[in-house]
Every structure is written in C-alpha cells, then in structure tokens.
Amino acid sequence: MNYVTAIDTDTAEPSSAIKLHGPDGFAGMRKAGAVAARVLDMLVPHVKPGVTTGELDRLTYEFVLAAGAVPATVFYRGYSHSLCTSINHVVCHGIPGPKKLASGDIVNIDVTVVVDGWHGDTSRMYLVGDVPLKARKLVEVTYECLMRGIAAAKPGATLGDVGHAIQSYAESQRYSIVRDFCGHGLGRVFHDAPNVVHVGKPGKGVVLRPGMFFTIEPMINLGRSDVKVLDDGWTAVTRDRSLSAQFEHSVGITEDGCEIFTKSPAGLDSPPYSG
Ligand code: MF3
Ligand code: CO
Ligand code: CO
C-alpha cells in the first residue's frame, strides 16, 4: 500500500514500468512532501487522550485545503477520509471516526496530499499519554527500520537491499514484518510501480536508478506477521491482536543516495514530540 498486495521481491518487475523523473518531478515532490509533513506536524498537539480520530481527520481536511492541496484519499477506491488512523493492533488503513484516543495508545497517522498533481505520502506514530515501554520500544525500532531502509536506497542498490535492511533489523529485535502490504512507486500517480516490500535478499529485485520515486513504509508487529482485513473492507489488524507500528516517507533516488520528500520541517519525525 500499501494498497497493492505485496509480491515476492525476487519477482522483479520489468524496470521499464518504473518512471524516471527529472528536476521538475523532484521540485513537485518536494512541495507535495512538505505539505504532507506539515500536516503531521500540525497534528502533534492534537493527538491527546480524549480526541476522536474523526476530529483529527477534520483538522487535516481543513489544513490541506488551506495549503492549496487536496487529500489524495478522499474518493480513492471508495475511501472518504483525509487520513488513516491505525490504533494499537490496527496495522494500517484504520478509518477515522467517533473513537477517542486513550492514554497508552499508539497510533499511526497516514496522510497523502496532492499538490500540482504530485503526491506526498507519509505517516508517523504518535504516543498518546503514558505509553508502556514495550510499545515505545516497538515504535522506536519501527522508525529505525524505516531509516535503515532509506539508507539502503541509492543508485545501483536494489529493492532487495532495502527490504533486507528493514527485515534484518526488525528480526534482530525479535519483531515480525507485515508481508501483505508494501510501499509503492508514486509521483503523479498515487500507487505506481514498483512494489516496495519490506523484506528481501541483498542484491535481488529492481535495481534503483536516479529519478525513481517511491515510498518506504514498514509495518512491524510485536507478535506474528499475519494480518486480516475487517468487514469494513479497509481496517487491517494483526490476527493475534499484537501491537503494530508503521512509519512512511516518500523518497526520490538521486545521483548519490536518496532525497526524503516528507521530512518534518519542525524536526518531528519520530516521537517523543515534546520534552
Ligand atoms: N497512504 C496509504 C499508503 O501509504 C494509502 C491509503 S489508501 C486509503 O499507501 F484509501 F486507505 F486511504
Ligand atoms: Co504509501
Ligand atoms: Co501512506
């Protein structure tokens, strides 16, 4: 998605299906990524015990329109909100509504905006009130998984290298990696080639080249990796009800590494967001 169901990394897609963007694309993605990141910054003081996820969605809708952007997820495949809010054992695609956040919850907030036709897609974890150590540790390791995946994303490396960087670190901490959802190419299209799975073998899969844009968005579970989608058709939960965490950045491959389009301008990339 994470909308696309994950395929095996070894089944490399034809690289010709993957768009290579130039300076205009980088400029467009920088703007879109910055608006998406500012949404997640704006939400920080609002993510408190007692707030409803619907209220966070409403704040986001207004903020996005005021920024001259559009939420990509409204009218997307029947979805009608500006955010996904995935609490505790919800892996991804939690639907905002009347549910109130409670102290001890961990929640992923995922936003995608469109600016001048370009998509900025990012998510972060938020800690609500007093969060137990084992949940905070999961969140910390998941952020480190994202950053290790990003560090592996450079020209000449492969998507298998990216997946391996994430998988090997998560498993070294005895967590599991969700296989049913993955990162994705993006740009003028929301969910494009390639699929970016968060497990892999070094040297396997698509070879990265300058101008490729995609998300990395590992979902890491405290228990087993199995997920199921609830009857609403969206909400994905861990089958064993164990906690799940996720962070997401949109990146572009450069000549010597990658550029993160969705970095927080306020430095609020991972919690705790205040001292
Ligand atoms: N932002 C999600 C992703 O990372 C996709 C959400 S699609 C929705 O790809 F319809 F559930 F919002
Ligand atoms: Co995404
Ligand atoms: Co997203």
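Please refer to the structure placed before this passage.
All figures in this text were calculated on a predicted structure; none of them were measured in a lab.

1. Focus on the overall build of the protein
Along the protein, the regular secondary structure elements total 4 helices and 15 strands. Rg of the C-alpha trace for the protein: 17 Å, near the compact-globule value of 19 Å for 275 residues, within the 12% margin. In terms of overall dimensions, the protein has C-alpha extents of about 50 × 45 × 40 Å along its principal axes. Put simply, of all contacts in the protein between residues at least 6 apart along the chain, 73% involve residues at least 24 apart. When the accessible surface of the protein is split by element, carbon and sulfur atoms take 53% of a total near 11,200 Å². Positive and negative side-chain charges of the protein, numbering 26 and 29 respectively, have mean locations separated by a distance of 3 Å.

2. A look at the pairing of strand 2 (residues 83-87)
Counting buried positions along strand 2 gives 5 out of 5 residues, so the element sits mostly inside the fold. Burial of the side chains of strand 2 extends over both faces: L83, T85 and I87 are buried on one face and C84 and S86 on the other. Here strand 2 runs beside strand 4 (residues 106-115); their pairing, made up of 5 bridges, is antiparallel. Pairing of T85 across the sheet is with I109, part of strand 4.

3. A short note on helix 3 (residues 133-151)
In a regular helix each residue adds 1.5 Å, so 19 residues correspond to 27 Å; helix 3 covers 27 Å between its end C-alpha atoms and thus fits that length. For helix 3, the complete set of buried residues consists of A135, L138, V139, V141, T142, Y143, C145, L146, G149 and I150.

4. Side note on the packing of helix 1 (residues 23-43) against helix 2 (residues 53-66)
At their nearest, the axes of helix 1 and helix 2 sit 10 Å apart, and the two run at 140° to each other. In terms of their interaxial angle, helix 1 and helix 2 are classed as oblique. For the element pair helix 1 and helix 2, the recorded crossing hand is right-handed. Residue-level contacts link V35, R38, V39, M42 and L43 of helix 1 to L56, L59, T60, F63 and V64 of helix 2. Each residue belonging to the contact of helix 1 with helix 2 can be placed in one class, and the counts come to 8 nonpolar, 1 polar and 1 charged.

About the cut-offs
Residues numbered from 1 in each chain as written. Chains lettered and ligands numbered in written order. Predicted model: local features only at pLDDT ≥ 70, side-chain atom pairs only at ≥ 80, totals over all residues. Heavy atoms only, no water. Helix = DSSP H or I, 4+ residues; strand = E, 2+ residues; numbered from the N terminus. Rg over C-alpha atoms; globule rule 2.2 N^0.38 Å. Contact = heavy atoms within 4.5 Å. Areas by Shrake-Rupley, 256 points an atom, 1.4 Å probe, with all protein chains shown as cover. Lys, Arg positive; Asp, Glu negative; His and termini not counted. Charge placed at Lys NZ, Arg CZ, Asp CG, Glu CD. Buried < 20%, exposed > 50% of the residue type's maximum accessible area, 1.4 Å probe, protein only. Pairing = 2+ DSSP bridges. Expected span 1.5 Å × (residues − 1). Axes fitted to C-alpha atoms, helices over the stretch in contact; angles between N-to-C directions. Parallel < 35°, antiparallel > 145°, perpendicular 65-115°, else oblique. Left-handed = near helix turned anticlockwise from the far one by under 90°. Nonpolar A, V, L, I, M, F, W, Y, C, P; charged D, E, K, R; others polar.

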